[in-house]
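Inside the fold
Spelled out from the first residue to the last, the chains are:
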Amino acid sequence: MHNIRRDVMLARYRSYFRLPMIFFLVIGVLVINTMFLSFLSAKDEFSAGGAVFTVHFDTPLALEIGKGVLVERNGGTIVPDGMRGGVLRLLRDEYLGLDLRNDIRSKEGTLMLWIRPHWGYYATDQTNFPVSHTFVSMAWDNNAYFVLSDGWWEPEGAPYTYFVAHNQFRAHTHKDIRYVQDEWMLLSCNWKQGNSGFVRLYENTSMVAESLTFNGSSIRPKGLLYLGCDKGTSPRKDRWADCDIANLAIFTRALDDTEISNLWNATRPMTLKNSVDVTVPSDSVSSQTRDDRGVILETRAIFDEGTEWMTKEGAQQTIARIKKAGFNVYIPCVWHGRGARYPAKLAPIDDKVTLTREDPLAHLIDIAHQNGIEVHPWFCVALRQRTFLGDYYTLFKTPYNAFDVHRPKFRAFISNVIEDVAWRYDIDGINLDFIRTMGLCKCHYCVQEYQRQFDRDLVADSTVNNLGHMEPHLQQWQDQAIEDIVRRISINVKRIKPGLVLSVDGHPRPRVLPPSWQGRREIKWANDGLIDIIFNMDYDRKPDFEKHALVLQELYHPNQLIMLLGNYDMISKKQGLPRDSRYFVQLVYSVLHRWPGGVGIYLYNQLDDAQIDALAQGPFKEKAEPLWTNCPSLVH
Ligand SMILES: [Zn+2]
């Protein structure tokens, strides 16, 4: 613990003191001012944009309080780090109180500040409960409050960043903003009262949450604006910002999206170039495993959801392109919820493909193996994209576009289909996608069976508590159905090919998050030896590395987790474009640098020539063989 200093300063807040008191205070303030306050009225980007109050914290040991509004100081230091000069560092128990009663109105306004958290989004306390962090808080005249806080109205609100412009007028909005430790972010909120009123929350340049209600009369702040704690609110719970802060600015009007975006650009820290993407530690991978011959062991997997590989030319071209890029594992989708894309014996053929006399999957595997590339056929287990196999679902009762994973005959069917592929083809692995319930089935069978098994009502149990946990019986019901499919497939395919790699595409959830409602228990399956690999699907431009690291901590065998990155950006809800190759390889470097041993890329039809060249000349320059070692021995 650091020393807590409590300097009550400046006369604007407390207007009356006895004369000697004022004398000492004035001297004190002057001295302290030399140290902490600089009355700069510098024209800056914020004041140019109409800010009525700005503070930069950018001169050493100085708080630039333009109008001398610093009233209460409880710790806090200026550190020469990060922005264009210094920044304010507030640790736990530290805050500043600013008298901004003349600058803030409930009628309309914008508040923005740059923050750099000393914690990550998933930070928890000793009881494994998420820790909340309040950036700004203030009381209104009518005993209501204003707050901008990571975590509020806990426990339900713990995962969200809340902007509450006025709690009594119900003017609030929230979003699960994913903070990254030691990374700068511009947090902005704006508000307007009246018939066309609103409250909005911005993360960097994007509006991430909005509520179109802010009624009530215009009011003034009652007390100080507290920076770094929730002291300005009645439900105080010691929620410390515990972060670095720069450039607090207040406006008396609600800035629009463009203005906020421009201010982000004009005031961003020097370390942030012109995007908010990940920063990459270096352009080399720090520690690669090599075998006795000196060959790098590193899984480089590419997922192909399309069907080009089904023709002879398509297979040749696909394998040639991914080989050129440096991939060593090819994961072609052979079952996308509408039947098999190979001459299956136990299931219908995909109605969108045409099978010729030659077996496309056998041909593909030949070509891939000739080129030193493994093949892991990919199955979308619960996905149903066609009206067929009618015994395995009930329309309008089973989740949309899904098979009913609770029906034992469906579980037997899909496991047999997959087992058949392991029998008939020289495959190196099996990949399971849509290995989840896709919702809750309320068909006659499920209702009856649930009643029989638990002596409970399925529909009545279909609730989620305020912490995001399902009713425990229902959780078990969902979990057991999916685990049964995983177990059947695992046992059967490993019996046929003991060295086969069984992987799943998942969203593994660390302990701090409530379990999946869809029976996804990737960490448990891996730790129980049911699966070899979890591909952690994260196609975001800025993948959630903190979550990946937390999941890794819960796995007995760290090589079982592989980040599955996207190589495209969505330009609309339905259309993606190949991701800029320079940024794309930076991401790959970044993953391999942090977690050497493997990376997966989704998706082949977005892999353009620029990305292939960038991989071949960059992270995949040297040949590698897949790293599946260290996988535990599977149950048999
Ligand atoms: Zn059902």
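Look a little higher up for the structure.
This section reports on the structure supplied with the text. Source: prediction; values computed, not measured.

Scanning the chain from N- to C-terminus turns up 13 helices and 30 strands. Looking at the chain residue by residue over its 636 residues, the buried ones come to 56%. Across the chain, every contact between residues at least 6 apart in sequence was considered, and the portion connecting residues at least 24 apart equals 72%. Within the structure as shown, the chain displays about 27400 Å² of accessible surface, and the carbon and sulfur contribution to it stands at 51%.

Every protein donor of the zinc ion is accounted for by Asp-404 (OD), Cys-441 (SG), Cys-443 (SG) and Cys-446 (SG), and the metal-donor separations fall at 2.0 to 2.3 Å. One can describe the donor arrangement at the zinc ion as tetrahedral, given that its four donor atoms subtend angles of 99 to 120° at the metal. Here the donor residues for the zinc ion map to a single chain with the spacing D-x36-C-x1-C-x2-C.

Per the counting criterion, the structure on display carries 34 aromatic pairs. Judged by centre distance (5.3 Å) and plane angle (80°), the rings of Phe-327 and Phe-620 are edge-to-face. With Phe-327 in the loop between α4 (312-325) and β20 (329-335) and Phe-620 in the loop between α13 (609-617) and β30 (624-625), this pair connects stretches of sequence that are 293 residues apart. The residues Phe-327 and Phe-620 share a single accessibility class, namely buried.

The next thing to look at is the packing of α4 against α13. The contact between α4 and α13 brings their axes to 7 Å, and the two run at 40°. On the basis of the axis angle, α4 is oblique to α13. The segment α4 lies against α13, with Arg-321, Lys-324 and Ala-325 engaging Asp-609, Ile-612, Asp-613, Leu-615 and Ala-616. Taken together, the residues of the contact of α4 with α13 break down into four nonpolar, no polar and four charged.

Inspection of the secondary structure assignment puts Met-537 in strand β25 (residues 533-538). Judged by its relative accessible area of 12%, Met-537 is buried. Excluding residues that lie within four positions of it along the chain, Met-537 makes contacts with Asp-433, Asp-505, Gly-506, His-507, Arg-520 and Leu-564.

Strand order in the open sheet formed by three strands is β17-β18-β30, and the pairing between neighbours is mixed. Lying at the two open borders of the sheet, with one neighbouring strand each, are β17 (289-290) and β30. By the bridge criterion, two bridges tie β17 to strand β18 (residues 296-297) in an arrangement that is antiparallel. When the sheet's bridge partners are listed, Thr-289 is paired in β18 with Leu-297.

Turning our eyes to something else, we now look at the side chain of His-56. Tracing the backbone shows His-56 in the loop between β2 (53-55) and β3 (70-74). Within the structure, the side chain of His-56 is placed 2.7 Å from the side chain of Asn-247, a separation counted as a polar contact.

Let's shift gears to the pairing of strand β16 (residues 243-251). β16 sits mainly inside the fold: nine of its nine residues count as buried. Looking at chain direction, β2 and β16 are connected through three bridges and run antiparallel. When the bridges of β16 are listed, Val-55 appears paired with Leu-248. Two elements, strand β5 (residues 87-90) and β16, share three bridges in a ladder whose sense is antiparallel. Paired with Leu-88 across the two strands is Ile-245, which belongs to β16. Alignment of strand β7 (residues 108-117) against β16, held across seven bridges, turns out to be antiparallel.

Moving on: the state of the cysteines. All told, the structure shown has zero disulfides when counted by the stated rule. In this model Cys-333 remains outside any disulfide bridge; the closest cysteine sulfur is found in Cys-380, 4.1 Å from its own. Note on Cys-333: relative accessible area 0%, which makes it buried.

A cis amide bond, omega 5°, links Glu-154 with the succeeding residue Pro-155. Relative to the elements of secondary structure, Pro-155 occurs in the loop between β9 (145-150) and β10 (161-166). Phi at Asn-143 takes a positive value of approximately 65°, unusual for a residue other than glycine. Secondary-structure assignment places Asn-143 in the loop between β8 (133-140) and β9. Even without being a glycine, Asp-242 presents a positive backbone phi close to 45°. Counting through the fold element by element, Asp-242 comes out in the loop between β15 (221-227) and β16.

Let us now look at the environment of Ser-287. Among the secondary structure elements, Ser-287 is positioned in the loop between α3 (257-267) and β17. Taking C-alpha positions, Ser-287 is 9.1 Å from Trp-595, a pair spaced 308 residues apart along the chain.

For helix α7 (residues 444-454), the complete set of buried residues consists of Cys-446, Glu-449, Tyr-450 and Phe-454. Taken end-on, α7 shows its buried residues confined to a sector of 105°, consistent with a single buried face. With respect to the buried face of α7, the exposed residues turned more than 90 degrees away are His-444 and Arg-452. On its buried face, α7 is in contact with α8 (458-461) and α9 (472-496). Positive phi shows up at Asp-455, right after α7, with a value of about 55°.

Calculation criteria
Residues numbered from 1 in each chain as written. Predicted model: local features only at pLDDT ≥ 70, side-chain atom pairs only at ≥ 80, totals over all residues. Heavy atoms only, no water. Helix = DSSP H or I, 4+ residues; strand = E, 2+ residues; numbered from the N terminus. Buried < 20%, exposed > 50% of the residue type's maximum accessible area, 1.4 Å probe, protein only. Contact = heavy atoms within 4.5 Å. Areas by Shrake-Rupley, 256 points an atom, 1.4 Å probe, with all protein chains shown as cover. Donors = N, O, S within 2.8 Å, 3.2 Å for Na, K, Ca; no water. Tetrahedral: all angles 85-135°; square planar, octahedral: opposite > 155°, others 65-115°. Phe/Tyr/Trp six-rings, centres within 6.5 Å; stacked < 30°, edge-to-face > 60°. Axes fitted to C-alpha atoms, helices over the stretch in contact; angles between N-to-C directions. Parallel < 35°, antiparallel > 145°, perpendicular 65-115°, else oblique. Nonpolar A, V, L, I, M, F, W, Y, C, P; charged D, E, K, R; others polar. Pairing = 2+ DSSP bridges. Polar contact = N/O pair within 3.5 Å; in protein donor to acceptor, adjacent residues only side chain to side chain. Disulfide = S-S within 2.5 Å. Arc of directions from axis to C-beta.

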